[in-house]
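What the coordinates show
The chain contents come next:
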Amino acid sequence: MASSYKSFQTIERLSEAIGQEVTLNGWVYDTTGKGKLQFIKLRDGSGIAQCVVFKPNVAEEVFETAKTLTQESSVRIVGTVRAEERAPGGVEVDVKEIKVWQIAKDYPITPKEHGDAFLMENRHLWLRSTRQHAIMRVRATIVKAIRDFFDGNGFTLMDSPILTPAACEGTSTLFETDYFDLGKAYLSQSGQLYGEASAMAQGKIYTFGPTFRAEKSKTRRHLTEFWMVEPEMAFFELNDDMDLAEDFVEYIVQTVLKHRQQELATLGRDITKLEKVKRPFHRMSYTEAVEWLNKNNVKLNKKQADGTEIQIDFPWGEDFGAPQEEAIMEQFEKPCIIHRYPSEVKAFYMKRDPENPKVALAMDMLAPEGAGEIIGGSQREDDFEALKERILSHDLPLESFEWYLDLRRYGSVPHSGFGLGLERTVKWITGAEHIRETNPYPRMIYRIQP
RNA sequence: UCCGGAAUAGCUCAGUUGGUUAGAGCAUCUGACUGUUAAUCAGAGGGUCACAGGUUCAAGUCCUGUUUCCGGAGCCA
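Since this is a predicted model, take the numbers as computed values, not measurements.

Within chain A one finds 13 helices and 20 strands. Projecting the C-alpha coordinates of chain A onto the three principal axes gives extents of approximately 85 × 50 × 40 Å. With 450 residues in all, chain A has 47% of them scored as buried. Long-range pairs, those at least 24 residues apart, make up 66% of the contacts in chain A between residues at least 6 apart in sequence. When the accessible surface of chain A is summed, it comes to about 22,300 Å², and 49% of that surface belongs to carbon and sulfur atoms.

Taken together, 52 residues lie around RNA strand B, and Phe54, Lys112, Arg213, Arg220 and Arg424 are the ones closest in. A distance of 3.2 Å separates a base nitrogen of RNA strand B from a polar side-chain atom of Arg221. Side-chain polar atom of Arg424 to a sugar or linking oxygen of RNA strand B: 2.3 Å apart, as the coordinates give it. Those elements that provide at least two residues to the surface near RNA strand B are β1 (21-34), β2 (37-43), β3 (48-54), α2 (116-121), β11 (225-234), α10 (322-329), β19 (372-379) and β20 (415-421). Here the residues of the surface near RNA strand B are counted per class, giving 15 nonpolar, 15 polar and 22 charged.

The next point concerns the pairing of strand β9 (residues 184-187). Bridge count for strand β7 (residues 163-164) against β9 is 2 bridges, and the pairing is antiparallel. The residue of β9 that forms the bridge with Thr164 is Tyr186. In this sheet, β9 lies alongside strand β8 (residues 176-178) in antiparallel orientation, the contact comprising 3 bridges. By the bridge assignment for β9, Thr177 is matched with Ala185. A loop of 5 residues connects β8 with β9, the two strands running antiparallel in sequence, and Phe180 in this loop sits at a positive phi of about 45 degrees.

Another aspect to go through is the nonpolar core. Ranked by size, the top nonpolar core spans 47 residues in total, and within it Ile146, Phe248 and Val249 carry the most contacts. For this core, the secondary structure elements donating two or more residues are α4 (130-151), β10 (204-212), β11, α6 (238-259), β18 (362-367), β19, β20 and α13 (422-430). With near-sequence residues (within four places) excluded, Ile146 lies in contact with Phe208, Val229, Phe248, Ile252, Leu420 and Leu422. Counting residues in each nonpolar core, the second largest holds 33 residues, with Ala289, Trp292, Val298 and Leu405 among its members.

Turning our eyes to something else, we now look at the side chain of Glu381. Structurally, Glu381 can be placed in the loop between β19 and α11 (384-393). Polar side-chain contacts of Glu381 include one of 2.9 Å to the side chain of Arg390. Other than its neighbours up to four places away in sequence, Glu381 contacts Tyr349, Met350, Lys351, Arg352, Ala386, Leu387, Arg390, Arg408 and His415.

Strand-to-strand pairing in sheets goes through backbone hydrogen bonds, with the strands running parallel or antiparallel. Ordered in space as β7-β9-β8, the 3 strands form an open sheet in which the pairing is antiparallel. This sheet does not close on itself; its edge strands, each paired only once, are β7 and β8.

What follows concerns helix α12 (residues 402-409). Because each turn of an α-helix spans 3.6 residues, side chains separated by three or four positions end up pointing in the same direction. If you check which residues of α12 are buried, you get Tyr404, Leu405, Leu407 and Arg408. Axial view of α12: buried residues confined to an arc of 140 degrees, hence all on one face. Against α5 (192-202), α11 and β20 lie the buried residues of α12. Phi turns positive, to about 80 degrees, at Gly411, one or two residues after α12.

Taken together, the side chains of Leu163, Tyr179, Phe180 and Leu182 present a nonpolar region at the surface, about 490 Å² in accessible area. Here Tyr179 is to be found in the loop between β8 and β9.

Moving on to the sheet that holds β11. One open sheet holds the 8 strands; their spatial order is β6-β10-β11-β20-β19-β18-β15-β12, and the pairing between them is mixed. In the strand order of this sheet, the two ends are held by β6 (156-157) and β12 (282-285), each with one partner. Both β11 and β20 contribute to a ladder of 5 bridges, which runs antiparallel. Paired with Glu232 across the strands is Gly417, a residue of β20. Packed onto the sheet, α5 meets β6, β10, β11 and β20 and runs at close to 35 degrees relative to β11.

Counting buried residues along β3, 5 of its 7 residues qualify, which places the element largely inside the surrounding structure. Note: β2 against β3, 7 bridges, orientation antiparallel. When the bridges of β3 are listed, Lys41 appears paired with Gln50. Connecting β2 to the antiparallel partner β3 that follows it, the hairpin turn spans 4 residues, and Gly45 within it adopts a positive phi of roughly 95 degrees.

Enumeration according to the criterion identifies 20 aromatic pairs in this entry. When the ring of Phe150 is compared with that of Phe248, the centres are 4.7 Å apart and the planes differ by 35 degrees; the resulting orientation is tilted. Placement of the pair is Phe150 in helix α4 and Phe248 in helix α6, with a sequence separation of 98 residues. Exposure class is identical for Phe150 and Phe248. Each is buried. Taken together, the ring pairs connect Phe149, Phe150, Phe155, Tyr206, Phe248, Tyr251 and Phe418 into an aromatic cluster.

Conventions used here
- Residues numbered from 1 in each chain as written.
- Chains lettered and ligands numbered in written order.
- Predicted model: local features only at pLDDT ≥ 70, side-chain atom pairs only at ≥ 80, totals over all residues.
- Heavy atoms only, no water.
- Helix = DSSP H or I, 4+ residues; strand = E, 2+ residues; numbered from the N terminus.
- Buried < 20%, exposed > 50% of the residue type's maximum accessible area, 1.4 Å probe, protein only.
- Contact = heavy atoms within 4.5 Å.
- Areas by Shrake-Rupley, 256 points an atom, 1.4 Å probe, with all protein chains shown as cover.
- Near = heavy atom within 4 Å.
- Polar contact = N/O pair within 3.5 Å; in protein donor to acceptor, adjacent residues only side chain to side chain.
- Nonpolar A, V, L, I, M, F, W, Y, C, P; charged D, E, K, R; others polar.
- Pairing = 2+ DSSP bridges.
- Core = buried A, V, L, I, M, F, W, Y, C linked by side-chain atoms within 4.5 Å.
- Arc of directions from axis to C-beta.
- Patch = residues over 30% accessible without salt bridge, like charges linked within 9 Å, V, L, I, M, F, W, Y side chains within 5 Å.
- Salt bridge = Lys/Arg side-chain N within 4 Å of Asp/Glu carboxyl O.
- Axes fitted to C-alpha atoms, helices over the stretch in contact; angles between N-to-C directions.
- Phe/Tyr/Trp six-rings, centres within 6.5 Å; stacked < 30°, edge-to-face > 60°.

In structure tokens:
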């Protein structure tokens, strides 16, 4: 059915219009000439339709126009929809009229292979390709699932500022900018501290927006600008936090499976792996993980003073790197939460385990299939003295954190939260090779164009 | 920042031990074809071999430097 406020049909719903004359607007995805027959694959964002121009059936100038169409030329086509077995999708349009909006000349992205650098330089055009189109649709569905999950579970959206006066965890990895007469401002690398304040007002909140890290990371799972959703809950302890993270991730994956079957098929994603993402997930403590690594002979590469590398047993207290996380996840088909990391390697605001002060009440969720860490979270330190001492021992400027300490002065409660990286989640669920494909206009250390 | 790799037509690449006029497929243009799915067939145009310097009778090829890009590590989501 044509929408009531549009004078044309969308390709997505073309099969509902068999036998009818329709008007389509779109871009030419591909053409094939065959003498008196011209095939035009028309793309309108909602789908792709094969349109056929048969010389004896149309006016001379219509056929001549059809022959001039090039890849990504924009046109309006009027024709009759018919069922046709030989057409992709089972329907095609018998063309009667063509109006050219614009003829595209030398469109750079052809149906053949291209290199990564070339595609990234043409990201604004690459987005038109079927694979990128499918990834962006999955991304949009994940964003909606995130909002629906929290909105439907008593959370209030309380966005944190992007411009912040000081670091959450030190300034070395922050983008810096001038802020009028007030000195430097920084682009936020996490909305968490504000999220904690918001949770003390609303009980359960989430922040969802872009975050920025000036880390010189150059891997297939890092962006300098990425989206993060951060729930923060008053009265939640670590176990509640982990339970919520499991419910949340299960909901996201199952929602994508429900609504994006076609896109996952386009991407060639093995959905049987996603179907297994149901609670309960795996869980192990950091200490158990270290024992597992050493039992399974997963060594740590350690650089010596003379520059040579040696392999040693994994020492308790060291943070996991990519090789350790990959080794642990190889045995699992579902995500795994690792909790209670050594407090030394974790952030200042994380609460120490009262039963073992050497570990923090922190947790990371690792996704299977090599996707790696998608969630990092913790129970927060709620004791005024302990938090103040931690700020000082981390050489952080106390005056910048006075407002944060207020949360421990005025009705402090146990509370927890976590952050989920949107792009990493999209990468895992779509099976994309590189995180640059999961954001429409990715920002990376050596690329800011287009 | 560190380690490794690459740069030749619009794109993806080949180019032997340093040796004549640097090649292919796709894309573009011209022509043929009523069922193409990355159509096929015939023909045409298209090159500062990343940049700068050096070695040599001779450099796309060897050497030095620079730039850009790719992969990985660390850090993290």
